[in-house]
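Given next are the chains, with one letter for each unit.
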Amino acid sequence: MSQDREPLFSSKNMKLLREPLDDSNPITVQVLGICSALAITVKLEPSVVMALSVVFVMGVSNVVVSLLRTKIPPRIRIIVQLTVIASLVILVDEFLAAFAYEVSKQLSVFVGLIITNCIIMGRLEAFALSNKPWPSFLDGIGNAAGYGLILVIVGFVRELFGSGTIWGYQVVPEPAYSAGYVDNGLFILPPMALVTVGIIIWVQRYRNRKLIEEQQS
Amino acid sequence: MRALRRYIDNIKPHFQKGGKFEKLESTFEAFETFLFVPDQVTTQGVHIRDAIDMKRTMSLVVISLIPALLFGMWNVGYQHYLATGQLGEGVGTLQLFWEGFKLVLPIIVVSYVTGLAIEFTFAQIRGEEVNEGFLVSGMLIPLVLPVDVPLWMVAVSTAFAVIIGKEVFGGTGMNILNPALLARAFLFFAYPAYMSGNQVWIHGMMDGQGIIDGYSGATPLGQAAEGNVDQMPQAMDMFLGTIPGSIGETSTVAVLLGALILLYTGVGSWRIMLSTFAGGLVMGLILNAFAVNPFMAIPAWQHLVMGGFAFGAVFMATDPVSAARTRRGKYIYGFLIGLLAILIRVVNPAYPEGVMLAILLMNVFAPLIDHYVIESNINKRLKRAQVQAA
């Protein structure tokens, strides 16, 4: 038994953590979870809070489902997964309402909508149901971090250009405004989030050539 | 002329493979073919190489824009003098034109410099020829902007339109949306304070210096959207274009002159122009039939001379890249543009002018229209073939 026990941070396990950050990023490569990326990234702060919430929900739900994986009857596995996710999301929601009321109000319904985030269900189905708790945990954290990374980048860009602030602090200097600079209203609107994600995809594929799809002839 | 040719032939080897400036080959090529018609001939197979290459086509469109541009410059001066009450004896046409020229030229320069710089950079990186699509876009962008738009906004929107609207899809000829309209839409949503309302259409209105007290400055469409249909200018003024508006869009006469050049040379599609005007007229008549408010009741034909409708129909909708390409598709495409433009204009108070949004929307639908036209054609022929076989 002890010899096929692999070390906690073996290269295989680390790959689970690292790969979703770039090679199989949930948003830019698998194109999942786009709706929330458009909805809550107007400012940096809600983006970060959202990212952390998803990291928590995904990490814990992956472990729970992985622990239960031999006990869940296959026919009702989706409903069991949903129950697990929903309970965790309610926890997050209550926690935010108690300790970060302002942000919780900004995120409003979108915290609840973490339940429907395709990335979470996808990882539960594809990974946690057939793997041990520790790798499942790493997989969940990794994918949520990949999702969160994009969210934070988009939130940063949109807040910088759309409102001239970062985390609520003004970074565009006052002289720039008096010289005629105006904040770009388009960055406040959802279409610009889509364009920003598109530019991230562009840059990522420029650096990481193996992501480029074969040309269809 | 011959000296220029000799000079170009002299420096050519430096830019070819192995030369000193190998990397700049496409830049050199762009200038060479701009100055002289390329002398390439086909060497095998049955091909026809038209001497009218893309550069000449684009130049023709730019020429057809000149009436609208010149009139626009004059009108900028005229509107400014009118609003400041300086219009009187001794103010000649040339003075008005010069006033507008000083204001419009920087916008054109900024638009061209930004756009061409990006196009050349991308062409060098990709190692492709420089495409000349921007020759037209660079002229269209200033014509659809209000005169007082800050120059850095022109640069930002041009960069956005060229990079996100065109280069991302693979450059000239691959874009889904009309780049010039995309630039305008970008400005419209990004900096609404500088692109809409009653203050932006006349030079000096935003600072309010020297403007006659209570001078409105609203475009005819702005007046109409606020319900002041009775304050709208005479139809003849709107036809001639002596009204506030974007630089090049006000004069229907100048636009029609441009249309004549486009149609005579066969560069623009008369099907699209005709069906766009028809669509606008039909929607105007439909609205007339209901006419629950004064704006809906204005004569349908008047819609065609207001705002940017004529400009959009002639220069924007006919963009061969983003328009529908099948013959029947062009009729449908143009008709829907006209229909939607007037509908948005009259029914949605948030957008006093609907032409921009209508054309952009139909740009997106153009491939779909083409698809169904081709499908129905295939089906028709299949049916005919089966009947004969039976």
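Calculation criteria
Residues numbered from 1 in each chain as written. Chains lettered and ligands numbered in written order. Predicted model: local features only at pLDDT ≥ 70, side-chain atom pairs only at ≥ 80, totals over all residues. Heavy atoms only, no water. Contact = heavy atoms within 4.5 Å. Salt bridge = Lys/Arg side-chain N within 4 Å of Asp/Glu carboxyl O. Polar contact = N/O pair within 3.5 Å; in protein donor to acceptor, adjacent residues only side chain to side chain. Helix = DSSP H or I, 4+ residues; strand = E, 2+ residues; numbered from the N terminus. Nonpolar A, V, L, I, M, F, W, Y, C, P; charged D, E, K, R; others polar. pLDDT = per-residue confidence, 0-100. Domains from an automatic or database assignment. Buried area = accessible area lost by both parts, 1.4 Å probe. Axes fitted to C-alpha atoms, helices over the stretch in contact; angles between N-to-C directions. Parallel < 35°, antiparallel > 145°, perpendicular 65-115°, else oblique. Left-handed = near helix turned anticlockwise from the far one by under 90°. Phe/Tyr/Trp six-rings, centres within 6.5 Å; stacked < 30°, edge-to-face > 60°. Buried < 20%, exposed > 50% of the residue type's maximum accessible area, 1.4 Å probe, protein only. Lys NZ or Arg CZ within 6 Å of the ring centre and 35° of its normal. Patch = residues over 30% accessible without salt bridge, like charges linked within 9 Å, V, L, I, M, F, W, Y side chains within 5 Å. Areas by Shrake-Rupley, 256 points an atom, 1.4 Å probe, with all protein chains shown as cover. Lys, Arg positive; Asp, Glu negative; His and termini not counted. Charge placed at Lys NZ, Arg CZ, Asp CG, Glu CD. Core = buried A, V, L, I, M, F, W, Y, C linked by side-chain atoms within 4.5 Å.

## Looking at the interface of chain B and chain A
Link 1 in the chain: Taken together, the twelve residues of chain B in the interface contact twelve residues of chain A.
Link 2 in the chain: Across the contact surface, chain B and chain A share zero salt bridges.
Link 3 in the chain: Counting across the chain B and chain A interface gives three residue pairs in polar contact (both at pLDDT 80 or more).
Link 4 in the chain: Broken down by secondary-structure element, the contributors of at least two residues to the side of chain B that touches chain A are α6 (151–165) and α7 (179–190) of chain B.
Link 5 in the chain: Broken down by element, the side of chain B that touches chain A gets its largest block of residues, five residues, from α6(B).
Link 6 in the chain: Here the side of chain B that touches chain A is composed, by residue class, of twelve nonpolar, no polar and no charged.

## Observations regarding the confidence of the model for chain B
Link 1 in the chain: Per-residue confidence for chain B averages 86 on the pLDDT scale, and 96% of its residues sit at or above 70.
Link 2 in the chain: The complex prediction reports pTM at 0.86, with the ipTM value standing at 0.84.

## Thoughts on the domain arrangement of chain B
Frequently, the measure chosen for interface size is the accessible area removed from exposure when the parts meet.
Residue and element names in this part refer to chain B.
Link 1 in the chain: Annotation of chain B at the domain level lists domain 1 (24–36 + 53–211) and domain 2 (238–390).
Link 2 in the chain: Centre-to-centre separation of domain 1 and domain 2, based on C-alpha positions: 23 Å.
Link 3 in the chain: When domain 1 packs against domain 2, the two sides together hide about 2,900 Å² of surface, and 76% of this comes from carbon and sulfur.
Link 4 in the chain: There are zero salt bridges connecting domain 1 and domain 2.
Link 5 in the chain: Remark: the boundary between domain 1 and domain 2 carries eleven residue pairs in polar contact (both at pLDDT 80 or more).

## Quick notes on the packing of helix α3 (residues 54–84) of chain B against helix α4 (residues 93–126) of chain B
All names here are of chain B.
Link 1 in the chain: Where α3 meets α4, the axes come as close as 7 Å, and the angle between the chain directions of the two elements is 120°. Viewed along their axes, α3 and α4 adopt a mutual orientation that is oblique. Here α3 and α4 pass one another in a crossing that is right-handed. When α3 is examined against α4, the residues V62, L69, L70, M73, W74, V76, G77, Y78, H80 and Y81 are found in contact with a partner set consisting of T93, Q95, L96, F97, E99, G100, F101, L103, V104, I108 and Y112.

## A closer look at the packing of aromatic side chains
Link 1 in the chain: This model, assessed by the stated rule, comprises 19 aromatic pairs over all chains.
Link 2 in the chain: Plain terms: the ring middles of A:Y181 and B:W152 are 5.6 Å apart, the flat faces sit at 20° to each other, and that makes the pair stacked. Taken together, the positions of A:Y181 in the loop between α9 (174–178) and α10 (190–207) and B:W152 in helix α6 put the pair across two chains.
Link 3 in the chain: Accessibility expressed as a relative area gives 27% for B:W152, which makes it partly exposed.
Link 4 in the chain: Aromatic pair B:W152 and B:Y191: ring centres 5.4 Å apart, planes at 75°, arrangement edge-to-face. Of this pair, B:W152 sits in helix α6 while B:Y191 sits in the loop between α7 and α8 (192–195), and the two are 39 residues apart along the sequence.
Link 5 in the chain: The buried category is assigned to B:Y191, whose relative accessible area is 3%.
Link 6 in the chain: Put simply, the rings of A:Y177, A:Y181, B:W152 and B:Y191 touch in pairs and so form one group of aromatic residues.
Link 7 in the chain: Here A:R209 stacks its cationic end above the ring of A:Y206, 5.1 Å away from the centre of that ring.

## Some details on a nonpolar patch on the surface
Link 1 in the chain: There is a patch of nonpolar side chains on the surface, built from A:I199, A:W202, A:V203, B:V168, B:F169, B:M174, B:I176, B:L361, B:V364, B:F365, B:L368 and B:Y372 and spanning about 1,100 Å² of accessible area.
Link 2 in the chain: Take the nonpolar patch: its biggest share by element is five residues, from helix α17 (residues 355–389) of chain B.
Link 3 in the chain: Position of A:V203 among the secondary structure elements: in helix α10.

## Description of a negative patch on the surface
All names here are of chain B.
Link 1 in the chain: Side chains of E22, E25, E128 and E129 sit close together on the surface and give a patch of like negative charge.
Link 2 in the chain: Inspection of the secondary structure assignment puts E129 in the loop between α4 and α5 (134–143).
Link 3 in the chain: For E129, a relative accessible area of 49% gives the class partly exposed.

## Brief notes about the side chain of A:T41
All names here are of chain A.
Link 1 in the chain: Examined against the element boundaries, T41 turns out to sit in the loop between α2 (34–39) and α3 (44–68).
Link 2 in the chain: By relative accessible area, T41 is classed as buried at 0%.
Link 3 in the chain: Within the local environment of T41, its side chain forms a polar contact with the backbone oxygen of A37, the two atoms lying 2.6 Å apart.
Link 4 in the chain: When sequence neighbours within four positions are dropped, the list of residues in contact with T41 reads S47, L151, V154, G155, R158 and A193.

## With respect to the packing of helix α12 (residues 270–290) of chain B against helix α16 (residues 327–347) of chain B
Packed helices, taken two at a time, are described by the angle their axes make and the gap between the axes.
Residue and element names in this part refer to chain B.
Link 1 in the chain: Close contact between α12 and α16 brings their axes to 7 Å; oriented N to C, the two are set at 40°. Viewed along their axes, α12 and α16 form a crossing whose handedness is right-handed.
Link 2 in the chain: When grouped by side-chain class, the residues that make up the contact of α12 with α16 number 15 nonpolar, seven polar and three charged.

## Considerations on the environment of A:V157
Residue and element names in this part refer to chain A.
Link 1 in the chain: Here V157 is to be found in helix α8 (residues 133–163).
Link 2 in the chain: Sequence spacing of V157 and L88 is 69 residues, and the spatial spacing of their C-alpha atoms is 30 Å.
Link 3 in the chain: In this structure V157 touches G162, F187 and T196, once residues within four positions along its chain are discounted.

## Things to note about unusual backbone geometry
Link 1 in the chain: Look at A:W167: it is not a glycine, yet its phi comes out positive at around 55°.
Link 2 in the chain: Examined against the element boundaries, A:W167 turns out to sit in the loop between β1 (165–166) and β2 (169–170).
Link 3 in the chain: Of note, the phi angle at B:A291 is positive, near 45°, even though the residue is not glycine.
Link 4 in the chain: Considering the arrangement of structural elements, one finds B:A291 in the loop between α12 and α13 (294–297).
Link 5 in the chain: Residue B:A291 is classed as partly exposed on the basis of its relative accessible area, which comes to 30%.

## Description of the nonpolar core
Link 1 in the chain: Core analysis: the biggest nonpolar cluster contains 96 residues, and B:F311 and B:Y333 have the highest contact counts within it.
Link 2 in the chain: Here this core gets twelve residues from one element, more than from any other, and that element is α3(B).
Link 3 in the chain: A domain split of this core shows at least three residues from each of domain 1 (24–36 + 53–211) and domain 2 (238–390) of chain B.
Link 4 in the chain: Setting aside anything within four residues of it in sequence, one finds B:Y333 in contact with B:I272, B:A317, B:S322, B:A323, B:A324, B:I359, B:M362, B:N363, B:A366 and B:I369.
Link 5 in the chain: Grouped together as the second largest cluster of nonpolar side chains are 34 residues, A:V49, A:V89, A:V111 and A:I150 included.

## Thoughts on the pattern of salt bridges
All names here are of chain B.
Link 1 in the chain: What the rule picks out here adds up to seven salt bridges over all chains.
Link 2 in the chain: Residues E167 and R126 are paired through a salt bridge, measuring 3.0 Å at the closest nitrogen-oxygen approach. With E167 in the loop between α6 and α7 and R126 in helix α4, this residue pair connects regions lying 41 residues apart in the sequence.
Link 3 in the chain: A relative accessible area of 34% places R126 in the partly exposed class.
Link 4 in the chain: A salt bridge links R345 to E353; the nearest nitrogen and oxygen atoms lie 2.9 Å apart.
Link 5 in the chain: Owing to a relative accessible area of 1%, R345 belongs among the buried residues under this scheme.

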